[in-house]
Amino acid sequence: MSADRPLLFFDSGMGGLSVLAATRALLPTAPIVYAADSAGFPYGTRSEAEIAARVPALLGRLVERYRPRLVVIACNTASTIALAAVRAALDMPIVGTVPAIKPAALASDTRVIGVLGTEATVRQPYVDDLAARFAADCTVIRHGSADLVEAAEARLRGDPVNPARFAAALDGLFAQPGGERIDTIVLACTHFPLVEADLAAAAGRPIRFVDGSAGIARRVSALTRGQNWPAAASDGLAVFTRLDDTARSLAPALAARGLSRMVAL
């Protein structure tokens, strides 16, 4: 395999940057293509049928154009809905992103954990299955927040964000019955680790936050073990399905993460 073949990260927006950061820590010279479906953002408020149709079609185009060695669906919503369809359609390794309920259950002392994701993610049967398999002795409280996704994107653009927005997202968990006993929260949207410090500040008490980025990075490293990589890191490419002024305003944040080139799909 050519050393120049990239890893392809896919999300509706910028949440996948949290997964990219963890992967770069293990594979620092890996060529990167980061694809954001900005024309479809945000996925968390869209229907399952729309996501199931949109994600495989877009990834088919991206794979044809950029010939990656591996695809990371760096989005919990897309993964819980469309991962099986993408794997059936594409003949290459596909790494998905699922809520980190198992490590959260292992870490919780109170046996009450929160799952903070998008509305589409937290209602998926896949989450029911994860809770039944790995957190059967825990109370699992869920909340979907579309506003927190928008707040994370605003943070990346450098826009001011009212701290009350982070408190409101957490209150969606804490205000539910038993919510006062939550000691561990699964960040079940890849956007949310980008604002973990804001969430910690808004919590008002010690909370352990857990996400799946490190595990995804280890999986990518394992699947590409023994492959050729460039001797040095190169500038990564950010691909947008809609390259408008909102997308262009993200250029400084992308450049700081090694994605210095921006193009439209």
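Provided above is the structure to which this section pertains.
Heads up: these notes are all about the structure in this document.

Definitions and cut-offs
Residues numbered from 1 in each chain as written. Predicted model: local features only at pLDDT ≥ 70, side-chain atom pairs only at ≥ 80, totals over all residues. Heavy atoms only, no water. Pairing = 2+ DSSP bridges. Helix = DSSP H or I, 4+ residues; strand = E, 2+ residues; numbered from the N terminus. Axes fitted to C-alpha atoms, helices over the stretch in contact; angles between N-to-C directions. Contact = heavy atoms within 4.5 Å. Parallel < 35°, antiparallel > 145°, perpendicular 65-115°, else oblique. Left-handed = near helix turned anticlockwise from the far one by under 90°. Nonpolar A, V, L, I, M, F, W, Y, C, P; charged D, E, K, R; others polar.

A word on the sheet that holds strand β5 (residues 112–117). Remark on secondary structure: sheet strands pair via backbone hydrogen bonds, oriented parallel or antiparallel. Pairing in this open sheet of 4 strands is parallel, and the strands run β6-β5-β7-β8 from one edge to the other. Since the sheet does not close on itself, it has two edges, and those belong to β6 (139–144) and β8 (208–210), each with one partner. Averaged over all pairs of adjacent strands, the angle between their axes in this sheet comes to 25°, without regard to strand direction. Sheet strands in contact with helix α9 (residues 196–203) are β5, β7 (184–188) and β8, and its direction is about 150° off that of β8.

What follows concerns the packing of helix α2 (residues 48–66) against helix α3 (residues 76–89). Axis separation between α2 and α3 bottoms out at 9 Å; the angle between their running directions is 60°. Of the possible angle classes, the one that applies to α2 and α3 is oblique. Crossing handedness for the pair α2 and α3: right-handed. Listed contacts from α3 to Glu48, Ile51, Ala52, Val55, Pro56 and Leu59 of α2 are Thr77, Ala78, Ile81, Ala82, Ala85 and Val86. Among the residues making up the contact of α2 with α3, the classes are represented as 10 nonpolar, 1 polar and 1 charged.

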